[in-house]
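What the coordinates show
Listed here are the chains, written in short residue letters.
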Amino acid sequence: MDRVSRRSFILSVGALALAPQERIEPELILYNGNIWTVSDRIPRAQAVAISGGRFLAVGSSEEVLAMSTSRSRKIDLSKQTVLPGFIDAHSHPAAAGRSHLRQVDCDLRSIAEIQAALRERARQTPAGQWVLGFKYDDTKTSRSFLDAGIRPTQASDYPPGPFEPMMALQSEVTRTDLKGNLWGAQQRIKVEEAIRVGTINGAYASFEERFKGSIEPGKLADLVVLGRDPLREDPSSLITIPVERTMVGGRWVYES
Ligand SMILES: [Zn+2]
């Protein structure tokens, strides 16, 4: 299918998936949070109601808690920051898993360390067989895309680059590597932009912005709870913000 017909096809499926839910009773309410929705309609919120794996409502703690019944589970977020689930638009999980089993992880801090790791593997490898390394860093150029009106995604290409979303955020905002070297300062973007790049733009790239990428009623309940607010963080320490919990489709899949 060409781009346009594929797009309209997926959107028509989306209209069905977003039909009014039978259950309007929240199964779960997260309240008292600092929620960045990445939605233009309600950019900030304190609470979300979740039912059937989707967001049912987004608003103030008072508004959303008023929807609760005796069966609704309620979790106090204690002012923690919540973002939509991050979307890695390009990575190679299966190939990366095979590489981790068979190759030398070269995500090290110096050429000398990489040489030592390769030498150690060579020592354990029968003569005549290959020693392969993987996980070399890459670079990103979000600013040029944004300025051209294109919606770049957060794409780690893991294993060539690290997959950690907070590292992606930091590198897009600072364009600075682990040693403090600046790579293309003119490509820096703002934290707000980097969050959009890592969430709604990833959904847009796969024609799924109707279902995910932001915290809005009807969308899949995908979110992350962070230990600190990235918008109030020094950009050079974004990577140190702990991911406390991750929810996919209304289910907690990670808890620190
Ligand atoms: Zn790739």
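Note that the coordinates shown come from a computational prediction; the quantities given were computed from them, not determined experimentally.

Points about the pairing of strand 11 (residues 243-248)
- Sheet topology places strand 10 (residues 223-226) next to strand 11; 4 bridges connect them, and they run antiparallel. When the sheet's bridge partners are listed, valine 224 is paired in strand 11 with threonine 246.
- Linking strand 11 back to strand 12 (residues 251-255) in an antiparallel pair, the connection comprises 2 residues, with glycine 249 at a positive phi of about 55°.

Focus on the environment of alanine 47
- On the secondary structure map, alanine 47 appears in strand 4 (residues 47-51).
- Alanine 47 gets classed as buried once you count the C-beta atoms within 10 Å, which come to 26.

Looking at the sheet that holds strand 5 (residues 54-59)
- In spatial order, the strands read 5-4-1-6; together these 4 strands make up an open sheet with mixed pairing. Across the chains shown, the open sheet's two edge strands, defined by having one partner strand only, are strand 5 and strand 6 (73-76). Averaged over neighbouring strand pairs, the angle between their axes works out to 20° when direction is ignored.
- One ladder, built from 4 bridges, connects strand 1 (residues 28-31) with strand 6; its direction is parallel.

Some points on the confidence of the model for the protein
- On average, residues of the protein score 88 in pLDDT, and 89% of them reach the 70 mark or higher.
- When the criterion is pLDDT under 50, residues 1-19 qualifies, and its contacts beyond four places in sequence or with other chains add up to 11 contacts.

As for the pairing of strand 4
- With respect to burial, strand 4 is a largely interior element, 5 of its 5 residues being buried.
- The two faces of strand 4 match: Ala47, Ala49 and Ser51 on one face and Val48 and Ile50 on the other face are all buried.
- Where strand 4 lies against strand 5, 5 bridges are found, and the strand directions are antiparallel. In the strand pairing of strand 5, serine 51 is matched with arginine 54.
- Linkage of strand 4 to strand 5, two consecutive antiparallel strands, is achieved through a turn of 2 residues, within which glycine 52 is found at a positive phi near 60°.

Section: unusual backbone geometry
- Omega for the bond connecting tyrosine 158 with proline 159 falls within 30 degrees of zero, at 20°, which places this linkage in the cis form.
- Topologically, proline 159 is positioned in the loop between helix 5 (142-147) and helix 6 (165-174).
- A positive phi angle, near 55°, is found at arginine 175, a position not held by glycine.
- Inspection of the secondary structure assignment puts arginine 175 in the loop between helix 6 and helix 7 (191-198).
- Classification of arginine 175 as buried rests on a count of 22 C-beta atoms within 10 Å.
- The phi dihedral of phenylalanine 207 falls on the positive side, at around 60°, and the residue is not glycine.
- Among the structural elements, phenylalanine 207 can be located in the loop between helix 8 (200-205) and strand 10.
- Residue classification places phenylalanine 207 among the partly exposed residues on the basis of 17 C-beta atoms within 10 Å.

Reading guide: rules and limits
Residues numbered from 1 in each chain as written. Predicted model: local features only at pLDDT ≥ 70, side-chain atom pairs only at ≥ 80, totals over all residues. Pairing = 2+ DSSP bridges. Helix = DSSP H or I, 4+ residues; strand = E, 2+ residues; numbered from the N terminus. Buried ≥ 20, exposed ≤ 12 C-beta atoms within 10 Å, placed from the backbone. Axes fitted to C-alpha atoms, helices over the stretch in contact; angles between N-to-C directions. pLDDT = per-residue confidence, 0-100. Contact = placed C-beta atoms within 7 Å.

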